[in-house]
Amino acid sequence: MLKDITLGQYFPGNSVIHRLDPRTKLIMLVVYIVALFLAVSWVSYGVMLLFLIGSIKISAIPLKSIVRGMKPLVMILVFTGVLNLFFTEGETVLLEFWVITITKEALVRAFFMVIRILMLVCGTFLLTYTTSPISLTDGLESLMGPLKKLHVPVHELSMMMCIALRFIPTLIEETDKIMSAQKARGADFESGSLIDKAKALIPILVPLFISAFRRADELATAMECRCYQGGDGRTKMKLLRYRLWDYETFGVGAALIAVVCVLRSFGL
Amino acid sequence: MEPILQVQNLNYIYSQGTPFEHQALMDVSFSVRRGEFLGIIGHTGSGKSTLMQQLNGLLKPTSGKILLDGKDIWSDKKLTRQARFRVGLVFQYPEYQLFEETVYRDIAFGPRNMGLKEDEIDRRVRDAARAVGLTDAQLQVSPFDLSGGQKRRVAIAGVIAMEPEVLILDEPTAGLDPAGRAEILGYIEHYRKTHNAAILMVSHSMDDVARLTERLLVMNGSKLAMDGTPAEVFARSDELLEMGLNIPEVTRVFLDLKKMGLDVEPVYTIGQAVEALKKLKGGAAVC
């Protein structure tokens, strides 16, 4: 069922990570990604993994739901792994037949690539699992604030993102309903050729688009009725404020980068 | 007479094996005869919608059986597909599922999926359109140019065109004005009579179900709480009110009259109320 999509779902909770300022979490994600790309050896990957596992433990997000969110990635992971395995040049040949040669270097590289993608996605999941979409967009808006000087419509962008995130579950539900209704009239989405399958989508897409436009229209009217006119002079109900644990987290982030850099300079 | 639809010990669990697990149906059993008008009432979340989607094979029961003409609809793929056509399901606000360029083609969607011949499709589309009061001229316009009430009729015609033996409707009159409600209910009743079809109608209007149906199913907390004639069901007004359900307005008035000491039998339709009052008045005149 479509409802089982967990991508980017928010898990309400009350851990330290849940309570961190969204800006801290966004910055920490960037720090984490940079550190991940700086890491080159088993040791530094080990450090990163420890950091990730520690964060997951603190966030109290069940490992099962993180693993479930990874499922759609399997194809990408396999693809990356296979590409790196076959097309990396190396010296120590492990296996050779026909046009395919697998070297030790390639094996190591493929392994690291897969691990890196896994850890990247895990880190991002940790952000979306522990941060509600609203505070996430709040954080983004605040972080991108300086861009306003360059006439970038920061508030509008974050409002659009917020609305888009808000309507994903609604649209999924709507799709489910329309699919059931058309199935009740004998629509068949499973069998037939590729063209048949594409044609079978029309009875879903047309009503879906119409209802999306209708919803957008209603939302715009509702916003105007409440005199919404954009970001200027708008105050917030929840003010973002850094607290002690945010500064502590920044400290941890700096330490992480430092450790990885030091390890890198030692060639580890 | 063999019942057209039999539901046996139906259980259904949503998202089994996840933290979101939820049992929507618990040991539900009942049967439906041909030509019967059945009302389904129940609170939001009592399992009505889930039950309806079980009956035409949209959802597969976790356990239990659904027999259509004595045959389990899940025993064979062909039977499951047939169940979709023989048991027509009109969802709530069905006008949001319209998609074709013309009303004609939208109504023809169901019959076309059945693999019928062109002339048979044409006959069914025209019959169905007439059955819900659409004119021939309206068949050629875009469904999106019609009013809300007319769209609703097109959507209902789209299911009726499959000429199902059991027609299930989820609140077919929700959001319509009183005249529109009466018309839609009239078309449904007419379809039942002309096709000897069984009708299952989910409704929140107790007055409607009291007036139209011969039998009522009451869903409460995933279970089938009551199954009987409107008289039997509304006789248990206290239990209904406890479930957070309403009773017909006249029933409420008459219950109050009885409390005030008037000697009246419980009624549940306007017609019965009139009769009861006449009797009362006649009796008083004799005194």
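Here the structure is a predicted model, which is why all the values come from computation and not from measurement. (Residues numbered from 1 in each chain as written. Chains lettered and ligands numbered in written order. Predicted model: local features only at pLDDT ≥ 70, side-chain atom pairs only at ≥ 80, totals over all residues. Heavy atoms only, no water.)

As a further point, take the overall build of chain A. Broken down by element type, chain A carries eleven helices and two strands. The helix and strand sequence of chain A, counted from the amino end, reads α-α-α-α-α-β-β-α-α-α-α-α-α. Its C-alpha atoms give chain A principal-axis dimensions of about 65 × 60 × 40 Å. When burial is assessed residue by residue, chain A has 35% of its 268 residues classed as buried. Taking as baseline every contact in chain A between residues at least 6 positions apart, the subset at least 24 positions apart corresponds to 74%. For chain A, the exposed area adds up to about 16700 Å²; of that, 70% sits on carbon and sulfur atoms. (Helix = DSSP H or I, 4+ residues; strand = E, 2+ residues; numbered from the N terminus. Buried < 20%, exposed > 50% of the residue type's maximum accessible area, 1.4 Å probe, protein only. Contact = heavy atoms within 4.5 Å. Areas by Shrake-Rupley, 256 points an atom, 1.4 Å probe, with all protein chains shown as cover.)

This paragraph deals with the layout of surface pockets. A probe as big as a water molecule, rolled over the atoms, marks out the empty space that is left. Residue and element names in this part refer to chain A. As a volume, the second largest pocket reaches approximately 1300 Å³. Lining the second largest pocket are 41 residues; nearest its centre among them are Ile134, Ser135, Thr137, Asp138 and Cys162. When contributions to the lining of the second largest pocket are tallied by element, the ones reaching two or more residues are helix H1 (16-19), helix H2 (22-38), helix H7 (133-143), helix H8 (154-184), helix H10 (202-225) and helix H11 (244-265). Residues belonging to the lining of the second largest pocket are distributed by class as follows: 18 nonpolar, ten polar and 13 charged. When residues are assigned to domains, the lining of the second largest pocket turns out to be shared by domain 1 (1-131 + 241-268) and domain 2 (153-237), each giving three or more. (1 Å grid on protein atoms, 1.4 Å probe; cavity = no way out; pocket = protein on both sides within 12 Å on 5 of 7 lines; lining within 4 Å. Points joined across faces, edges and corners; volume = space filled by probe spheres on them. Nonpolar A, V, L, I, M, F, W, Y, C, P; charged D, E, K, R; others polar. Domains from an automatic or database assignment.)

Oppositely charged side chains can pair when the atoms bearing their charge come close. Residue and element names in this part refer to chain B. Under the defined criterion, the tally for this structure stands at 29 salt bridges over all chains. For Asp69, the salt bridge identified is with Arg34, shortest N-O distance 3.4 Å. Taken together, the positions of Asp69 in the loop between strand E4 (63-68) and strand E5 (71-72) and Arg34 in the loop between strand E2 (22-32) and strand E3 (37-42) put the pair 35 residues apart, joining distant regions of the chain. Residue classification places Arg34 among the partly exposed positions, given a relative accessible area of 27%. Here Arg105 and Glu100 are joined by a salt bridge, their closest N and O atoms 3.4 Å apart. On the basis of relative accessibility, which here comes to 36%, the residue Arg105 falls in the partly exposed class. Through salt bridges with shared partners, one network takes in Glu120, Arg123, Arg124, Asp127, Arg130 and Glu163. (Salt bridge = Lys/Arg side-chain N within 4 Å of Asp/Glu carboxyl O.)

What follows deals with the domain arrangement of chain B. Residue and element names in this part refer to chain B. When cut into domains, chain B gives domain 1 (5-230) and domain 2 (248-287). For domain 1 and domain 2, the distance between their C-alpha centres works out to 35 Å. At the junction of the two partners, domain 1 supplies five residues and domain 2 supplies four residues. Between domain 1 and domain 2 lies a buried interface of about 370 Å² when both sides are counted; carbon and sulfur atoms form 70% of it. Of all residues in domain 1, the largest losses of buried area upon contact with domain 2 belong to Asp207, Ala210 and Pro230, amounting jointly to 77% of the total for that side. The interface formed by domain 1 and domain 2 holds zero salt bridges in total. The element contributing the most residues to the side of domain 1 that touches domain 2 is helix H7 (residues 206-212), with four residues. (Buried area = accessible area lost by both parts, 1.4 Å probe.)

Right, let's get into the sheet that holds strand E9 (residues 215-220) of chain B. Residue and element names in this part refer to chain B. With respect to topology, six strands assemble into an open sheet ordered E6-E7-E8-E3-E9-E10, the strand pairing being mixed. Unpaired on one side and paired on the other, strand E6 (87-90) and strand E10 (223-228) mark the two borders of the sheet. Going across the sheet, the axis of each strand differs from the next one's by a mean of 15°, ignoring polarity. Examined bridge by bridge, E3 and E9 share five bridges and lie parallel to one another. Bridge assignment links Ile40 to a residue of E9, and that residue is Leu217. Sheet strands in contact with helix H5 (residues 148-160) are E6 and strand E7 (166-170), and its direction is about 165° off that of E6. In this fold helix H6 (residues 178-195) packs onto E3, E7 and strand E8 (198-202), with an angle of close to 155° to the strand it touches most, E8. (Pairing = 2+ DSSP bridges. Axes fitted to C-alpha atoms, helices over the stretch in contact; angles between N-to-C directions.)

Right, let's get into a nonpolar patch on the surface. Taken together, the side chains of Val74, Val78, Phe79, Val82, Leu83, Phe86 and Phe87 of chain A present a nonpolar region at the surface, about 680 Å² in accessible area. By the secondary structure assignment, Phe79 of chain A is in helix H5 (residues 74-87). (Patch = residues over 30% accessible without salt bridge, like charges linked within 9 Å, V, L, I, M, F, W, Y side chains within 5 Å.)

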